Each structure stands twice: as structure tokens, then as C-alpha cells.
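# Coordinate inspection notes
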Amino acid sequence: MDDIHFEQVDRVDALGKACGTTEYMSDLSFPGMLYAWFVRSKYPHALIKNVDISRAMALNGVVTVLTAADVTGFNGFGIVNPDMPVICGDKVRYIGDTVALVAATTERIAEQAAALVDVDYEVLPVVDDPIEALKPDAPKLHDKGNVCLHTLITKGNVEQGFREADVVIEHEYRTPRQAHVPLETESGVAVPEADGSLSMYAGSQYAFRDQLQLARILGMNPRMIHVYSNPVGGGFGGKDELTIQGGIALLAMKTGKPVKVFLSREESLVSGWKRHPFIIRMKTGFKSDGTMLANDVTCYEDKGAYTSLGGPILNLALEHASSLYRVPNTRHEGWAVFTNNGVCGAFRGFGVPQVLFALESNMDEAAEQLGLDPVTIRRKNVLHQGEVSPIGHTLRTGVSMDLVLDAIEKSELWQHREEYKKTDKPWLRRGVALALAPQGAGLGLGIPDYGGAYIDLDGDGSFTLRIGLVEYGQGTHTGFTQMAAGLLHVHPSRVRIVAGQTEGSVDAGPATASRSMYTASNAIAAAFRDFGVKVAGALAAKYHTGADAVCEAKDGGMTTPVGFRTYEELAQEFSQESPLRWEGYFVWPTADREIPGAAGLPHWIYSFAAQAALVEVNTLTGETHLLRVATALDTGHTVNPQQVEAQIDGGVAQGEGFALFEDTLISKGQVRTRNFSTYIIPTVQDVPEHEYIILENSEGTSALGVRGIGEVVMVPIIPAVALAIHDATGVWVRQLPSTPERVYRLLHPGL
Amino acid sequence: MIKEFEYHAAQDLKEALELAEQFGPRKRFLSGGTDVTVRLKEGLVTEDVIVDLSHVAELRFVREESGVVHVGAGATHADLGASPIVRQHGHALALAASRVGSSQIRNVGTVGGNVANASPAGDTIPALIVLDAVVSIANRKGTRDVPIIDFFTGPGRSVLASEELVTELYFPVTGPGELTGFGKLGSRQAMTISTANMAFYFRIGDNRRIVEARIAFGSVAPTVVRAHRTERMFCQLPPLLSWDAIRGAAQMAWKEVAPIDDLRATAVYRKEAVVGLLAEAAYEALASCWHER
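In this text the structure is predicted, and so the values were computed from the model without any measurement.

### Notes on the overall build of chain B
- Of regular secondary structure, chain B possesses eleven helices and 14 strands.
- Taking 293 residues into account, the globule formula puts the C-alpha radius of gyration at 19 Å, and chain B, at 19 Å, falls close to it.
- A principal-axis box enclosing the C-alpha atoms of chain B has dimensions of 65 × 45 × 30 Å.
- Counting only residues that meet the buried cut, chain B has 51% of its 293 residues in that class.

As C-alpha cells, this is what we get:
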């Protein structure tokens, strides 16, 4: 099956999105709809003494105001541990915490009423430093303390490794609190239905998990909750966890009316999920020929106030803290620590960008000290299939570290880097650097990771593909229809897709973890096999052709024991059969044993990319411009070349933002970057020229040979930019984003 | 939440001035709205009447008369950036206008609004200062002219009385032998408030020396400031293209600015950065008439 050649086709959603006719969940309106307002905490850390809603309730147009006592089910949510209250009752832990919910006839009235909710607080000291928060006398956010998770993974003996090393590089690195900033902020409509059920229309990354979390909050049978979460106006991980759904669900069930909310950008930036900032202490030992001997890593993850996915993110970071390099002695330790610094959760890359910024930096510094070039030192250390990883598991699936490294070395940018680095202005310096990254795909060991897909043969001989995975911009729905069409031997326009809803599509797990295309490839292929079996069986029953008859897709139909049938003919032939549905289910392959003490590790399948960056630094101001990027990416098997390039474009922009611009600044628990004039993301004028190098090293465990690529395309660019600044100026960047002032201060240490 | 306010759209200058007199300090003018609407959202507009000037067509012009460039207060940043008159006779202003915000903002934001707003970070202001611009101000009874250097009294404050309106800016044309430039430091290439900005004017004499210099810095003091001592340093430069000499002259700017720390940058970095902005732009401009030894 992995020999299918995919033609470039337009995105299935291109026309609607380009013309503005696509209806996002936030575009929906219903008769009698009310508007919600979330009353947010005034303090980042405080006890709630009393909540008085009487003044708010008295305002004309207010329909209801809810407090913690009104939560009908369990007052908490969270993918791993439901420790985040939907409405806080006794304590607030960050400035975006909800203390009450208002529903009113207009958004304006709802906002006015929110200001009339009187809350008495007893202010507590703010915990804003993850290392300080670990001290025994630090104020505690949660009863169990401030440690969300502690993980230690060791292999060999790092002290022995450092004794044998010729060069030891040791530094502390810091990474930003990046915000997802999707165009569509957290939003949706909760609609109570006549039969007592609830329909939730809210863009999110996993309708089926939302359904279960909402059932727990409402205290309802999950079957009574219908979630429609597709399409999504951007996610990047920020809509993996619940956001506003619990609040509007409670309001809708209480009032019996549809309830809508659409957060302002300011409220989104204050209350929404972010990428965890990491403090990374990394000590790496090398032999004089560049061979890695030991890597000792301690990560402090600023968890923010609630658990969400902070544990798995810490563990994925630790899995990647020595990349897929051959390191005999490792010690990877991590602390996920609760603070009052907002809330952090899933974000494209899931902990990997943070640690690889540190590791690739130590790598280049060692190379410089040893007189090796950046390609040579990496080539000496990259692992191959069958070898043992730095955390001790054997790499059984395809490893493309060497392939992407070879490809980036041959890139036009790297080959001609000395010419690119020329500039005739005395104050400008240009530099080129490269980095590479693996990115574990899928949910990891011990977490059920499965996908289902249905293929329906419709009455007109076209198909409906039903699959849970949402489209939030990645282009996956185009890829899914191409994969189904390729197997069925029809044009992709013959395949319609129904996705991201608990009604009418089938659970295929979350649209996260670089897993959508890979999961879908196997689920769709399984459904297709079921299709052939069932058609053959039905024909055998009707025409007595024998039980071992075989059907094969060909040229818009199937060859059958009774001759070629077009899909139109098959649809007519079996029009009495109900349903004309074929089902495929797939469970991810995982490692046979867990890494001791590290839940979810190891991952089994990886994505691979290498990137090179050309930057220009203005030594007078510290301004850094990313001028050109080369990306070498292993797709396994490219389904849609344009979407692969688009993912690279977007990943590079998001990685550039991490490296140069983006950080949610919080001081004493208060968010200071509340809009786009202070939370800086790259604009089209800041993004670089691209050189794309697409490799197709088929992933053997995918029926179509595909790998996920959505995350890895933003990872190597981050260290590459930091290291290119070094190549340009000689200074090492240890803290991101590398803002003009930070670069200037590195250039002028006395300032 | 945007508060409730009274809204009047003036159809011509006469009506705008009548409304200004009628509402006095209760009103706030809105021209392109790129600043007022943001402030409304943030609850920073204290006035309860908005007088919209965007329909006052007679304020939107750029023309040259008898060696003087006249720019209407309603001319947009896009108008200035595209105007052959401004590009030729007030190059620094065209450059500054082209660096404001984004295309969308430049299409509606006006030079009159940028000046009347009196932000120390306003991008057109240093350019207008080095061009020796004069601000024409009107009220219902008449007009008065104020040199732009005397117009600003503090951050967000100016000599404008509540019944007055900026109608025009005018400045003498620059010609051969006169160099002007603009530089801006922000947090990215576009859509950025200036962390610091700078404009200069150099008149080159027969001996190719700079015989007159005007230099202004923004975002580094309560108002945009002239840097007289730095100007004198540039007038003493030998007419040779030397990076070290030009940077050395620019270094004096350090002594002439008084920035503060804010979310965008620290004061000490701003002092360093304005030196760099000036050195870089001056070097590029002087390279057109000076040569290395």
C-alpha cells in the first residue's frame, strides 16, 4: 500500500476558508441564545472567603450567576488529573481562575454583571519561581505541595563519563512562556436539547475526551453529551485540554438556553494555556574526537497552577534531553513545579523544543572547543535503527537522524554559507548554524493510543470518511481524503469527510502528538481492508462465487469474482444493505517495557528534521533577523507536498517566535503582555525565505509509510537561530527569546 | 468593555471647529482612529464625546508651494509614504510614515493624529522636527502657527487648547546638498511601537562638510527631543567616510536622552540603541557624498 503515488490536490477546506464561508463553532448562533462571562480572579493566589452574587443578579438582563456550589457534577477538569476547578470555591491559584459564571441576554450585560460579583479574598503570597517553590518553606498551591511530578532516568554512570571526557560543557538555559495565539480564541456555544441532552459546539482537539470531561463536570451520562469540535480556528495544543466548555455547559444546563462565549484576545492571553517555561541545567561530556560520553540534565518545568499535561510534557522533554545521540551515560532529572504563573499545557513540540535548545547549544560549543564542524560532531553521535537510546530502550522503528543530517549538509544554504554570510555594512554580522531533532510521536507507552475510521459507500457511489481527528489548519483532512481515495482508486473529490464530532464520526484519539496522519493512515487502511472483505462476502452470498473470493480496488471501482464493478454499481447493487459501512480500527505499536520511573516513556515512533538558519545581527541595536532557513524533513511518504511545505512554513514561524520574539511576561502573578502590541509574534515581514528538502524514508509501521511532521518542523529551527547568532557574533545565547536587548547585552556584557 | 459615548462625525473643518468649541475638554478628536479605538478598548479615554474627523476631506492633502511643503493633518501615513513631494522634499518624513504600524494602519492613521496625540514614540514627529516643520492650529475664530519643537509639553500633552485642532504641517523643501533620514528600533519589522526612533537632517556645504545638522530622538524622553550637542559633533566631522568617526559623533547622543525602563526595553539599552540608530542611518546617508580616505 505504501507505493501509492499521491497527486497534489487543493485543500478540501480551501475555498470555504479563503471565501470566509466556513462556519467555525464561534460563528454559530441559536435562537434565544445567552452570552456567558467568566468572572476571573482578582489575585494570583488567594483564599475565597465569600462570593456575593446579589448585585450581579439584580442587573436587568442577567439570567443566572453560578458559583462553585452550582456545579452539578465534579468541580474539576484536567486530562491527567482533574485538579482545575470549573468554578473556584475555596481558593484561586492564578489570575485567570474562574470564581463565578454569568449568563445574560447580551455580552455587554454579562460583562457588566461580572463586575458586580463581589468576592472577598484572603490574599496569599505569590509563588512565581519554580526553583523557589521547591523549597520546604515555600507557600503551597495545592494540599499535596508544589511538586506536580518528579522524574529521574539514569543510564550508566555520568560521573565516570565526565572523568573520561576531554571537554565538559555545562550551562543553564531558559525558555519562554509561549502562547498559542490561534486566530480563533477559546469560544463556543453550549446548547441544551429538548431530550435533556447537551450539544457542545466548541473548537477543540479531541471531541471524545471533551465529552467525558463534560460528563464528569455535569454529572451526566456521556451519551447525553454531543460534542462538535470541528473545524478549529487554530489549536497548536492550546485546545487539547478543555478551555471554556465546562463553564458554558453548566450555564446552558442551568438556564435551559443556548449559551455562547468568545474570549477576547486579552482574556485569552491572560487565562489560556501556554507552553511551559523550562530552566535547564545541562552538563555534557565529550571525547576529543567529539564522541559524547555523558549528559547530566536537570529540568525545572514552570507548571503554572494546575496539572493538565505537565507530567507527560516533562517526561517527553526528559526522553529527548540527549536527543537520539549515542550517549552511554545519562542522568535526566525533571521537576514539574506548581506556581501562580498562569496555566501551562500542551503546545506543539511538547517539551522537546526546550531541551533541544540546550543540548544542541552544548553540542556546538563542544564542537568549537574541539575544532570540529557542527556536522561532523553530530554525525559521530547520531543513532541508527537497532541501537540503544540515551534512556535505555532499543530503537526498533526507523531512525532518520543521519539522513536529515546528510540532507541539511547538502542544502544550498549550508553549502554556500560563507557567501550568505557576507555583508558590506560594518555594523551587521551574519551567521549560519544547523540543528537536528527527533520528535517522539503518539501518546507513549501505557496510554491507550488507538484510532478508528469508517468508510461509508453512499448511494451515488461516492464515499464518506468518518474519523474523529479534527482539522485545525494542518491540512490533515485533505491528507485523509487523499489516503482514502488512493486506496479506493478514486479522485479525492469523491471522498467527503465527517470529523471531530462525537455524533457521526468515530474516535481516533486526539489531534496532537504528530499522530493524526499516521493514525489515520492505519485506521483508513484497516477500514479499506474491511471494505474489500465485506464486498467480497456480499458478492459471494449473492452470486455463490465461493468464500475465498477477492476484491481489489481499481480505476473507480473494484475487480470482483463477478467482474469489474464501478462504485456506483456497487452502491446500487447493495442499496438494500444497511449500512454500507466499513470499519477500521488500529492500535499504535508501543515499546514492550516502560522506562522505570517515567510514565509514558519511551515513545516508539519518531519524526525527524534538521534545519539550518541564516541570521543577521545588528550589533548596534541587537536586532536579529532570520533571513533564510533550510529544512530537511523525513515525511516517510508525502501525501500532499504543498501541505508539507505549509507545515514547514508555519513551524518555522512558530519556532522563530520562540527563538526571537515570544514570551508571556508575568510579574507577581500578573500577566503584563495582554495583547499583540506587547505579546510579539512574527509577522509576514519577519519570516524567512525557505529551502525545502523532503525525504521519504518510509515508516514501516504505517500502512502508507507516513510519519507525522507537525511538531518536529518547529524544533531544530530554535537552536539553529540561537547558534547562528553565535556564528555571527561569537556570543552564546542561553535564554530565549533572543530579543534585541538581550543580544545587545550579550555583545556588551558591561552594560 | 468600550464605554458609551456621544459620537459626532464632522463633515467639514467648519463643523469640526464648531464641535470643538461646543464640547471643549469633554471631546476627543478621532482622525484615523488607530490610537483612539485602542484606548477606548483599554478604558483610557476620559472624554465622553468623540468628534470624528475622518470625513473632513479638506484636511487631506499634500502640496508644494513656493519652496514649502504643506501636509494636511488628515493626510494618511500611506499618503505621505507614497507622495513624490514628500519623498523628494522631506525624505525623512516619507521614511517615518512608511514605518508606522502596518499597511492597514498606514491607510487610516493620519499625520495630524500622530502629532496631536503627542506620544513620545510617535514616528513622524522626529522627522517633522528635523525638517523644521511648523504646526498650523485652528479654532473657530482663527489660526495660529507653532514651530513643532515648541508644540509638545509632555507625554500626551501639547500646546493645543481644547477648542483647537491641528490643520496642517508645513516645512521648507529640502533639495540637493541636504540629506535627511529616519531610523526605528522596534520589537519586529512591522506592527511595532518604537522602542526608540531617530531622524536627522544634514546640509552639506561646498567643502563637503556638514554645515548644518538637526537630529531628533523619540521614545527616549518625555517628548521627542533635539540633540544639539550631537549635531555639533557631526558638524565637526571631516568629510571622509569613516565608520569609527561617524559612530564616535553619534556617541554624544547618549548624553542627550533621558529614557525610562518599560516593558519594551530598559533605559540604559535605549540610550545605547539610539546611538546605533543614528550612526547606522547617518553612515548610509553620508556614503552618498563622502568617500573613504
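### Focus on the interface of chain B and chain A
- Facing the 20 residues of chain B at the interface are 21 residues of chain A.
- With eight residues, helix α11 (residues 267–286) of chain B is the single largest residue contributor to the side of chain B that touches chain A.
- Split by residue class, the side of chain B that touches chain A holds 13 nonpolar, four polar and three charged.

### Here's the deal with unusual backbone geometry
All names here are of chain A.
- Residue Pro231 is reached from Asn230 by a cis peptide bond, and omega for that bond is 0°.
- Here Pro231 is to be found in the loop between β11 (225–228) and α7 (245–255).
- Of note, the bond from Leu601 into Pro602 is cis; its omega dihedral lies within 30 degrees of zero at 0°.
- Tracing the backbone through its elements, the reader meets Pro602 in the loop between β25 (581–587) and β26 (605–618).
- A positive phi angle, near 60°, is found at Ala513, a position not held by glycine.
- Secondary-structure assignment places Ala513 in the loop between β21 (495–499) and α16 (516–543).
- By the C-beta count within 10 Å, which is 28 here, Ala513 ends up buried.

### Notes on the sheet that holds strand β12 (residues 196–204) of chain B
Residues and elements named next belong to chain B.
- With antiparallel pairing, the four strands of this open sheet are ordered in space as β11-β12-β13-β14. Both edges of this open sheet fall to β11 (178–185) and β14 (225–226), since each of them pairs with a single strand only.
- Two strands pair when backbone bridges link them, and β11 and β12 are joined in this way by eight bridges, in the antiparallel orientation. By the bridge assignment, Glu178 is partnered in β12 with Arg203.
- Packing against the sheet, helix α9 (residues 228–235) makes contact with β12, β13 (210–218) and β14, and its axis sits at approximately 145° to β13.
- Sheet contacts for α11: β11, β12 and β13; angle to β12, the most-contacted strand, approximately 35°.

### Considerations on the pairing of strand β4 (residues 62–65) of chain B
All names here are of chain B.
- By the bridge criterion, four bridges tie β4 to strand β5 (residues 68–72) in an arrangement that is antiparallel. Opposite Glu65, over in β5, you have Val68 as the bridge partner.
- The hairpin formed by β4 and β5 contains two residues between the paired strands, and Ser66 there has a positive phi angle of roughly 50°.

### Here we look at the domain arrangement of chain B
Residue and element names in this part refer to chain B.
- Here chain B is partitioned into domain 1 (6–52), domain 2 (57–172) and domain 3 (178–286).
- When each unit is reduced to the centre of its C-alpha atoms, the spacing between domain 2 and domain 3 is 21 Å.
- Counting residues at the interface gives 21 residues for domain 2, matched by 24 residues for domain 3.
- Tallied by class, the residues present in the side of domain 2 that touches domain 3 amount to 14 nonpolar, five polar and two charged.

### A word on the confidence of the model for chain B
- Looking at chain B as a whole, its pLDDT mean stands at 96, while 100% of the residues score no less than 70.
- Note on the complex model: pTM 0.97, ipTM 0.95.

### Brief notes about the environment of Thr46 of chain B
Residue and element names in this part refer to chain B.
- Relative to the helices and strands, Thr46 resides in the loop between α2 (36–41) and β3 (49–52).
- Thr46 sits in the exposed class, given 10 other C-beta atoms within 10 Å.
- In this structure the C-alpha to C-alpha distance between Thr46 and Glu164, which are 118 residues apart in sequence, comes to 18 Å.

### Observations regarding the sheet that holds strand β19 (residues 450–457) of chain A
Residue and element names in this part refer to chain A.
- Overall, mixed pairing links the four strands, which are arranged β21-β20-β19-β25 in an open sheet. Here the strands that pair on one side only, and so sit at the sheet edges, are β21 and β25. Taking each pair of neighbouring strands and ignoring which way they run, the sheet shows an average axis angle of 20°.
- Sheet analysis places β19 next to strand β20 (residues 463–467), joined by four bridges and oriented antiparallel. Paired with Ile455 across the strands is Leu465, a residue of β20.
- Across the sheet, helix α15 (residues 476–488) lies against β19, β20 and β21, angled at about 135° from β21, the strand it touches most.
- Sheet strands touched by α16: β19, β20 and β25. Its angle to β25, the strand with the most contacts, is close to 140°.

### A short note on the pairing of strand β16 (residues 329–338) of chain A
Residue and element names in this part refer to chain A.
- Counting buried residues in β16 gives nine out of ten residues, a clear majority hidden from the surface.
- Looking at chain direction, strand β7 (residues 147–155) and β16 are connected through eight bridges and run antiparallel. Paired with His150 across the two strands is Trp335, which belongs to β16.
- Taken together, the ten bridges between strand β15 (residues 292–304) and β16 define a ladder with parallel strand orientation. What sits directly across from Asp302, in β16, is Val337.
- For the crossover that starts at β15, traverses helix α9 (residues 310–319) and ends in the parallel β16, the hand is right-handed.

### Regarding the environment of Trp582 of chain A
Residue and element names in this part refer to chain A.
- Residue placement: Trp582 occurs in strand β25.
- Accessibility expressed as a C-beta count within 10 Å gives 21 for Trp582, which makes it buried.
- Note: C-alpha distance between Trp582 and Val355 (227 residues apart in sequence) is 43 Å.
- Apart from residues no more than four positions distant in its own chain, Trp582 is found in contact with Tyr454, Ile455, Ala527, Asp530, Phe531 and Lys534.

### Digging into the packing of helix α10 (residues 243–250) of chain B against α11 of chain B
Residue and element names in this part refer to chain B.
- Contact pair α10 / α11: the axes reach a minimum separation of 9 Å and the direction vectors enclose 135°. Considered as vectors, α10 and α11 are oriented oblique to each other. The element α10 and its partner α11 pack so that their crossing is right-handed. Residue-level inspection shows Trp243, Ile246, Arg247 and Ala250 of α10 in contact with α11, the latter providing Val275, Leu278, Ala279, Ala282, Tyr283 and Leu286.
- Class assignment for the residues of the contact of α10 with α11 results in nine nonpolar, no polar and one charged.

### What about α16 of chain A?
- With 28 residues, α16 of chain A extends 40 Å from end C-alpha to end C-alpha; this agrees with the ideal 40 Å at 1.5 Å per step.
- Immediately beyond the C-terminal end of α16 of chain A, within one or two residues, lies His544 of chain A, with a positive phi of roughly 50°.

### Re the nonpolar core
- The biggest cluster of nonpolar side chains holds 336 residues, and the ones touching the most others in it are Ala36, Val102, Ile524, Ala613 and Val721 of chain A together with Leu278 of chain B.
- At 13 residues, α16 of chain A tops the list of elements feeding residues into this core.

### As for the domain arrangement of chain A
All names here are of chain A.
- The domain architecture assigned to chain A consists of domain 1 (25–124 + 190–271), domain 2 (274–444 + 593–747) and domain 3 (450–587).
- Here domain 1 and domain 2 have C-alpha centroids that lie 36 Å from each other.
- With 21 residues of domain 1 at the interface, the matching set in domain 2 holds 24 residues.
- Here the side of domain 1 that touches domain 2 is composed, by residue class, of nine nonpolar, six polar and six charged.

### Points about helix α6 (residues 207–218) of chain A
Residues and elements named next belong to chain A.
- Taking 1.5 Å of rise per residue, the twelve residues of α6 would be expected to cover 16 Å, and the 16 Å separating its terminal C-alpha atoms lies within 8% of that figure.
- If you check which residues of α6 are buried, you get Ala207, Arg209, Asp210, Gln211, Gln213, Leu214, Ile217 and Leu218.
- Residues of α6 that are buried sit in contact with β10 (198–201), β11 and α7.
- Once α6 ends, the next one or two residues include Gly219, with phi positive near 70°.

### Brief notes about the environment of Gln643 of chain A
All names here are of chain A.
- Relative to the assigned elements, Gln643 resides in helix α18 (residues 641–661).
- In this structure Gln643 comes out as buried when scored by C-beta crowding, with 21 C-beta atoms within 10 Å.
- Spatially, the C-alpha atoms of Gln643 and Gln8 are 9.2 Å apart, while their sequence positions differ by 635 residues.
- Gln643 has contacts with Gly475, Thr478 and Gly479, leaving out every residue within four places of it along the chain.

Quick notes on the rules
- Residues numbered from 1 in each chain as written.
- Chains lettered and ligands numbered in written order.
- Predicted model: local features only at pLDDT ≥ 70, side-chain atom pairs only at ≥ 80, totals over all residues.
- Helix = DSSP H or I, 4+ residues; strand = E, 2+ residues; numbered from the N terminus.
- Rg over C-alpha atoms; globule rule 2.2 N^0.38 Å.
- Buried ≥ 20, exposed ≤ 12 C-beta atoms within 10 Å, placed from the backbone.
- Contact = placed C-beta atoms within 7 Å.
- Nonpolar A, V, L, I, M, F, W, Y, C, P; charged D, E, K, R; others polar.
- Pairing = 2+ DSSP bridges.
- Axes fitted to C-alpha atoms, helices over the stretch in contact; angles between N-to-C directions.
- Domains from an automatic or database assignment.
- pLDDT = per-residue confidence, 0-100.
- Right-handed = clockwise from strand over helix to strand, strands pointing away.
- Parallel < 35°, antiparallel > 145°, perpendicular 65-115°, else oblique.
- Left-handed = near helix turned anticlockwise from the far one by under 90°.
- Expected span 1.5 Å × (residues − 1).
- Core = buried A, V, L, I, M, F, W, Y, C linked by C-beta atoms within 7 Å.

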